[in-house]
Amino acid sequence: MTWLVALPVVIPLVAAGLALALAKHSRVQGVISVVALTAVLIVAVALIFVTHTVGPQVVNVGGWAAPVGIAVVTDRLSALMLVVSAVVLLGVLLYSLAQGLADGPKGAPVAIYHPTYLVLAAGVAMAFTSGDLFNLYVGFEILLAASFVLLTLGGTGERIRAGAIYVVVSLLSSLLFLISIALLYGATGTLNLAQLADRIDALDPGLQTVLQIMLLMGFAIKAAIFPLSAWLPDSYPTAPAPVTAVFAGLLTKVGVYAIIRTQTLLFTDGTLDTVLMLAALLTMLVGIAGAVAQEDIKRLLSFTLVSHIGFMIFGISLASDVGLSAAIFYVAHHITVQTALFLVSGLIERRGGTTSLVRLGSLAKVAPALGVVFFVSAMNLAGIPPMSGFLGKAGLLQAGLADGTPLALVGVAVGLATSLLTLYAVVKAWNKAFWQEAPEPLPEASVPRGMFGPTAVLAAVGVVIALVAGPLYSYTDAAARDLRLQDPYISSVLVDDGRGEGQSADAQGGDS
Amino acid sequence: MGVEMSPSLALVLAVGVLVGSGVYLLLERSLSRVIIGITLISNGVNLLFLIAGGAAGGPPLVGTTEPDQMADPLPQAMVLTAIVINLGITAFVLAMAYRSWQLHGHDEVQDDLEDRRIARRAARHEEDSRADDVGTDLATEAAEARDETEEEHSLETAHHGPRLGADDHEAEQRDRGEST
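The model shown is predicted, which means the values in this text are computed figures rather than measured ones.

## Describing the overall build of chain A
Then, number 1: The helix and strand tally for chain A stands at 20 helices and 2 strands.
Then, number 2: Against the 2.2 N^0.38 benchmark of 24 Å for 512 residues, chain A shows a C-alpha radius of gyration of 22 Å, consistent with a compact globule.
Then, number 3: Once the C-alpha set of chain A is aligned to its principal axes, its extents read approximately 80 × 60 × 40 Å.
Then, number 4: Within chain A, the proportion of its 512 residues that are buried is 64%.
Then, number 5: Partitioning the intrachain contacts of chain A with sequence separation of at least 6 by distance along the chain shows that 81% fall at a separation of at least 24.
Then, number 6: Accessible surface computed for chain A: about 16,900 Å², of which carbon and sulfur atoms make up 69%.

In structure tokens, the structure reads:
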């Protein structure tokens, strides 16, 4: 079944090529995208079963086994991330297709939208399945290049302004990542994650710390961890609503995924756990303080996004099975709920003509269904029991209490305060946009069913996660245990004979 | 045979100079300088990869070179990939700089909205404190104290982007008030 592993990358890339070739037929493009992403979703669900029952799946590219060739690996964590990202990508795609239909030929997404979106999907999948640091870098670059195009779609002044900041900051993080890859290669002679895990202990502890700091800096910019988070609330809200939604849901989580991977596989001695935890607490507080001060619903949501990244980093920095498990659960919950909220804010903009909370109002009267979806997702984000947000936060806080160090206890307090402030921020948005009387009459507009449907489904997925929380938590427990044990990953990547079945034409001079 | 692992000083210095001047250019406002800076840094990193690959050697082809004389091919492959990626990114950023020049007549990276808003608020605050110094009367204070209900009539005439919040309405009102 290992051939499944490469499909989440291959399918979207091939489909992107097809969609680009058929640029003149936007309907065909839409069909291609939907089919491709549905296929990715099916493959991802299959992978989750296979990895859960059999163990990590490895593809040796070109038949050469890991230290010689390149490995593409899916373990429990990767499989879960693939499933969640496929659900979100598919939902947002349907939303944007419906937006195109509703707006007629003028509002249809430009020809480049579908190919770029599929490339983004491939980049995300590649980052999740790469067993090699350099491939992780390439995956990052693929998704970044696609995200640059999507963010500046149409090239209006506002998007170019926001895009410039986003592009420069992203490139900086890529350069930091690339420099640390070069240093790691110079120090260990390998970039395969499994082999690095074996070799990195032999390095001088000081050098290890330097490498860890460099990698964390690169990933922290991508994941928007304070103090490297200022770019996010400025750049995301300017993009078209579906693009913002998929960025908010997925791109930062790719950074979080990379941090989980390196912290569990490479740097296990916990030198920087305290620093990471401090950064997590500050991220929560600064992010939510920003959200409380906002008057624009998209910017408000962007700040809550930053703030809730702090929860995941808090779970990672606890460096315990329960903490990591809760962090992974929280990632799954947060991807869906944040995407749903941004899609709702796109619908609010459509119905109310603006996203400014000062000028919105009376939406509960004119669009009650929209109100329900917003309310449910917002309460889910704030962590009201019995929704998945509550379960994720409860898991994290429990893990913090179990850790018991003073800083972890402070973290628990900060987490509680952040949840309360999130509740305050979203209730404020609810009151101003839905409850209060609109300062001036709303424009005559309607919410197309095709756009409302995917939004409602994603919001429902966020809630349904709570229903399957038991099995999901036992799954993330197993994933966290695997990650911290390291062994299932390493032993399935590095097989004993070390070469795989690759053949070279003339091997007399070789490996003796 | 012992492998020579200490890197050439010239290469290390070249990396330092390239990355250093790249960082300097990266801190500039103009996008075209930023992209030159990024190119310099990534060339510096490419050299770093070559250093990481160890001493130079023969072509790594089985049968042509003895295994212990071979150069490490992996860093070269990675450098090649990095160069290609950098080419694509450079093309994109240049297009973006050109678009920015079309729209604004310059290619500068602009302040983010939050910065602008804070700067505006600070400027306003300074005005207020100066007003306090000379002593204000009740009328000016009343004119400055507003609540949301009073903003409504001004909204109809105000021309601003969709992303401006309450602060910006206030500022705009104040600007108008001062000019009339």
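Past the structure itself, the notes keep going.
## Points about the packing of helix H2 (residues 26–53) of chain A against helix H4 (residues 113–129) of chain A
Residues and elements named next belong to chain A.
Then, number 1: Close contact between H2 and H4 brings their axes to 10 Å; oriented N to C, the two are set at 10 degrees. Judged on the interaxial angle alone, H4 and H2 are roughly parallel. Classified by chirality, the crossing of H4 by H2 is left-handed. Together, Gln29, Gly30, Ser33, Ala36 and Leu37 of H2 and His114, Pro115, Tyr117, Leu118 and Ala121 of H4 make up the contact between the two elements.
Then, number 2: Its residues assigned to classes, the contact of H2 with H4 comprises 6 nonpolar, 4 polar and no charged.

## Thoughts on the interface of chain A and chain B
Then, number 1: Contacts between chain A and chain B engage 53 residues on the former and 47 residues on the latter.
Then, number 2: Buried area between chain A and chain B, summed over both chains or domains, comes out near 3,900 Å², and the portion from carbon and sulfur atoms is 71%.
Then, number 3: The interface formed by chain A and chain B holds 0 salt bridges in total.
Then, number 4: In this assembly, chain A and chain B are joined by 1 residue pair in polar contact (both at pLDDT 80 or more).
Then, number 5: Elements represented by at least two residues in the side of chain A that touches chain B include exactly helix H5 (133–151), helix H6 (157–188) and helix H12 (297–317) of chain A.

## Digging into the pairing of strand S2 (residues 71–74) of chain A
Residue and element names in this part refer to chain A.
Then, number 1: Residues of S2 alternate between two faces, with Ala71 and Val73 on one and Val72 and Thr74 on the opposite face, all of them buried.
Then, number 2: The sheet contact formed by strand S1 (residues 57–60) and S2 spans 4 bridges and is antiparallel. Bridged to valine 58 within S2 is valine 73.

## Points about the UniProt feature "domain: NADH:quinone oxidoreductase/Mrp antiporter transmembrane" (unreviewed entry) in chain A
Then, number 1: The UniProt record annotates "domain: NADH:quinone oxidoreductase/Mrp antiporter transmembrane" (unreviewed entry) at residues 130–411 of chain A.
Then, number 2: Between the C-alpha atoms that bound residues 130–411 of chain A there is a distance of 32 Å. The span itself is 78% helix and 0% strand.

## Quick notes on the packing of aromatic side chains
Then, number 1: Within this structure, the stated rule accounts for 22 aromatic pairs over all chains.
Then, number 2: When the ring of tryptophan 231 of chain A is compared with that of tyrosine 236 of chain A, the centres are 5.7 Å apart and the planes differ by 75 degrees; the resulting orientation is edge-to-face. Both residues of the pair, tryptophan 231 of chain A and tyrosine 236 of chain A, count as buried.
Then, number 3: By way of ring pairs, the aromatic residues Phe134, Tyr137, Phe140, Phe177 and Phe219 of chain A together with Phe49 of chain B are connected into one cluster.

## A word on unusual backbone geometry
Residues and elements named next belong to chain A.
Then, number 1: Here the amide bond leading from phenylalanine 226 into proline 227 is cis, since omega sits at 5 degrees, within 30 degrees of zero.
Then, number 2: Counting through the fold element by element, proline 227 comes out in the loop between helix H8 (205–223) and helix H9 (231–235).
Then, number 3: Going from proline 385 to proline 386, the amide bond is cis rather than trans, its omega being 5 degrees.
Then, number 4: Along the chain, the position of proline 386 falls in the loop between helix H15 (368–382) and helix H16 (388–403).

## A word on H12 of chain A
All names here are of chain A.
Then, number 1: For H12, with 21 residues, the first-to-last C-alpha span of 31 Å sits near the 30 Å given by 1.5 Å per residue.
Then, number 2: In terms of burial, H12 is a largely internal element, 21 of the 21 residues being buried.
Then, number 3: Its side-chain oxygen placed 3.0 Å from the backbone nitrogen of lysine 298, aspartate 296 serves as the N-cap of H12.
Then, number 4: Once H12 ends, the next one or two residues include alanine 319, with phi positive near 55 degrees.

## Here we look at the pattern of salt bridges
Pairs can form between side chains of opposite charge whenever their charged atoms are close.
Residues and elements named next belong to chain A.
Then, number 1: Summed over the entire model, instances satisfying the criterion amount to 8 salt bridges over all chains.
Then, number 2: For the salt bridge of arginine 161 with aspartate 234, the shortest nitrogen-to-oxygen distance reads 3.3 Å. Residue arginine 161 is found in helix H6, and its partner aspartate 234 is found in helix H9; the two are separated by 73 residues along the sequence.
Then, number 3: A residue is classified by how much of its surface remains accessible, and aspartate 234, at 2% relative accessible area, is buried.
Then, number 4: Linking glutamate 349 and lysine 298 is a salt bridge whose minimum nitrogen-to-oxygen distance equals 3.4 Å. Of this pair, glutamate 349 sits in helix H13 (residues 321–352) while lysine 298 sits in helix H12, and the two are 51 residues apart along the sequence.
Then, number 5: Residue classification places glutamate 349 among the partly exposed positions, given a relative accessible area of 26%.

## A word on H13 of chain A
All names here are of chain A.
Then, number 1: Relative to the 46 Å expected for 32 residues at 1.5 Å per residue, H13 spans 46 Å between its end C-alpha atoms, a close match to the ideal helical length.
Then, number 2: Across the 32 residues of H13, 28 count as buried, placing the element largely inside the fold.
Then, number 3: A positive phi of about 80 degrees marks glycine 353, the residue just after H13.

## Focus on the side chain of lysine 253 of chain A
Residue and element names in this part refer to chain A.
Then, number 1: Positionally, lysine 253 belongs in helix H10 (residues 241–265).
Then, number 2: Look at lysine 253: it is buried, it has no salt bridge, and the nearest opposite charge is aspartate 296 at 18 Å.
Then, number 3: Here the side chain of lysine 253 touches threonine 252 through a polar contact of 3.3 Å, side chain to side chain.
Then, number 4: Here lysine 253 is in contact with Met81, Ala248, Leu305, Ile309, Met312, Val331, His334 and Ile335, once residues within four sequence places are set aside.

## Structural notes on the packing of H12 of chain A against H16 of chain A
Residues and elements named next belong to chain A.
Then, number 1: In the contact formed by H12 and H16, the axes pass within 10 Å of each other and the chain directions differ by 40 degrees. Judged by the inter-axis angle, H12 sits oblique to H16. In the crossing of H12 with H16, the sense of the turn from one axis to the other is left-handed. On H16, the residues that touch His308, Phe311, Phe314 and Gly315 of H12 are Lys393, Leu396 and Gly400.
Then, number 2: Residues of the contact of H12 with H16, tallied by class, amount to 3 nonpolar, 3 polar and 1 charged.

## Let's talk about the confidence of the model for chain A
Residue and element names in this part refer to chain A.
Then, number 1: Across chain A, pLDDT averages 86, with 95% of residues at or above 70.
Then, number 2: When the elements of chain A are averaged for pLDDT, helix H14 (residues 363–366) gives the smallest value, 77, and H4 the largest, 93.
Then, number 3: A low-confidence stretch, residues 507–512 stays under pLDDT 50, and its non-local contacts, those more than four residues away or across chains, total 5 contacts.

About the criteria used
- Residues numbered from 1 in each chain as written.
- Chains lettered and ligands numbered in written order.
- Predicted model: local features only at pLDDT ≥ 70, side-chain atom pairs only at ≥ 80, totals over all residues.
- Heavy atoms only, no water.
- Helix = DSSP H or I, 4+ residues; strand = E, 2+ residues; numbered from the N terminus.
- Rg over C-alpha atoms; globule rule 2.2 N^0.38 Å.
- Buried < 20%, exposed > 50% of the residue type's maximum accessible area, 1.4 Å probe, protein only.
- Contact = heavy atoms within 4.5 Å.
- Areas by Shrake-Rupley, 256 points an atom, 1.4 Å probe, with all protein chains shown as cover.
- Axes fitted to C-alpha atoms, helices over the stretch in contact; angles between N-to-C directions.
- Parallel < 35°, antiparallel > 145°, perpendicular 65-115°, else oblique.
- Left-handed = near helix turned anticlockwise from the far one by under 90°.
- Nonpolar A, V, L, I, M, F, W, Y, C, P; charged D, E, K, R; others polar.
- Buried area = accessible area lost by both parts, 1.4 Å probe.
- Salt bridge = Lys/Arg side-chain N within 4 Å of Asp/Glu carboxyl O.
- Polar contact = N/O pair within 3.5 Å; in protein donor to acceptor, adjacent residues only side chain to side chain.
- Pairing = 2+ DSSP bridges.
- UniProt positions renumbered as here; feature names shortened; annotations may be inferred.
- Phe/Tyr/Trp six-rings, centres within 6.5 Å; stacked < 30°, edge-to-face > 60°.
- Expected span 1.5 Å × (residues − 1).
- Lys, Arg positive; Asp, Glu negative; His and termini not counted.
- pLDDT = per-residue confidence, 0-100.

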